[in-house]
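Breakdown of the fold
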Amino acid sequence: MGIKLFCKSPDGGKDSGVTGYFLIEWKNVFSVALLRFSKGSREAFHSHAFNAYTWWLKGEVIEEYADGSPARKWKPSIKPKFTPKSKFHKIIGITETWAFTFRGAWDDTWQEQ
């Protein structure tokens, strides 16, 4: 897997509504990006190929969990949100929302439900 610097691309597939502005994407090691979440969500719960820390910068989202845990609202904070690669969730944009994310090394796969 190569290194990409300063690139823009859809994040999470064409139906996700998330645009990634990647400062660096080096999937074997780490990635750093600004993310823009559009209002709404794709329907699928999903896991990730990486662990991630995310700082919400502007806007609000709701995170729903496939295991039935209570949903959580996220809004700007200096405390990051940790997302383990094993967590099945989906993010619903209440408003257009911006976040800064630091992702660890990627596994080869992730899943959708």
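Residues numbered from 1 in each chain as written. Predicted model: local features only at pLDDT ≥ 70, side-chain atom pairs only at ≥ 80, totals over all residues. Heavy atoms only, no water.

Once that is clear, we can look at the nonpolar core. If you look at the biggest cluster of nonpolar residues, it comprises 11 residues: V18, F22, A33, L35, F37, W56, V61, Y65, W74, I91 and A99. Looking at this core, the elements that each hand over two or more residues are β2 (18-26), β3 (30-37) and β5 (61-65). Looking at this core element by element, the count peaks at three residues for β3. Residues in contact with Y65, not counting those within four places in the same chain, are F45, P70, A71, R72, W74, K87, F88 and H89. (Core = buried A, V, L, I, M, F, W, Y, C linked by side-chain atoms within 4.5 Å. Buried < 20%, exposed > 50% of the residue type's maximum accessible area, 1.4 Å probe, protein only. Helix = DSSP H or I, 4+ residues; strand = E, 2+ residues; numbered from the N terminus. Contact = heavy atoms within 4.5 Å.)

Right, let's get into the side chain of E63. Among the structural elements, E63 can be located in strand β5. Separated by 2.6 Å, the side chains of E63 and H89 make a polar contact. Discounting residues that sit within four places of it in the chain, E63 has contacts with A71, R72, W74, K81, H89, K90 and I91. (Polar contact = N/O pair within 3.5 Å; in protein donor to acceptor, adjacent residues only side chain to side chain.)

A separate point is a nonpolar patch on the surface. A cluster of nonpolar side chains, I3, L5, F6, L23, W26 and V29, forms an exposed patch at the surface whose accessible area comes to about 590 Å². Looking at the nonpolar patch, the elements that each hand over two or more residues are β1 (3-10) and β2. Here the nonpolar patch takes three residues from β1, the largest share from any one element. Mapped onto the elements, F6 comes out in strand β1. (Patch = residues over 30% accessible without salt bridge, like charges linked within 9 Å, V, L, I, M, F, W, Y side chains within 5 Å. Areas by Shrake-Rupley, 256 points an atom, 1.4 Å probe, with all protein chains shown as cover. Salt bridge = Lys/Arg side-chain N within 4 Å of Asp/Glu carboxyl O.)

Here we come to the sheet that holds strand β6 (residues 72-74). Here we have three strands laid out as an open sheet, ordered β6-β5-β8, and antiparallel in their pairing. Every other strand in the sheet has two partners, leaving β6 and β8 (89-93) as the edge strands with one partner each. Looking at each pair of strands side by side, their axes are set apart by 25° on average, direction ignored. Of the strand pairs in this sheet, β5 and β8 are connected by five bridges, and their pairing is antiparallel. The partner of E64 across the bridge, within β8, is K90. (Pairing = 2+ DSSP bridges. Axes fitted to C-alpha atoms, helices over the stretch in contact; angles between N-to-C directions.)

It is worth spelling out the sheet that holds strand β4 (residues 52-58) at this point. Strand order in the open sheet formed by six strands is β1-β2-β3-β9-β4-β7, and the pairing between neighbours is antiparallel. Each end of this open sheet is capped by a strand with a single partner; those strands are β1 and β7 (81-83). With direction set aside, neighbouring strand axes in the sheet form an average angle of 20°. With six bridges connecting them, β4 and strand β9 (residues 97-103) associate as antiparallel partners. From the neighbouring strand, Y53 faces β9, where its bridge partner is F102.

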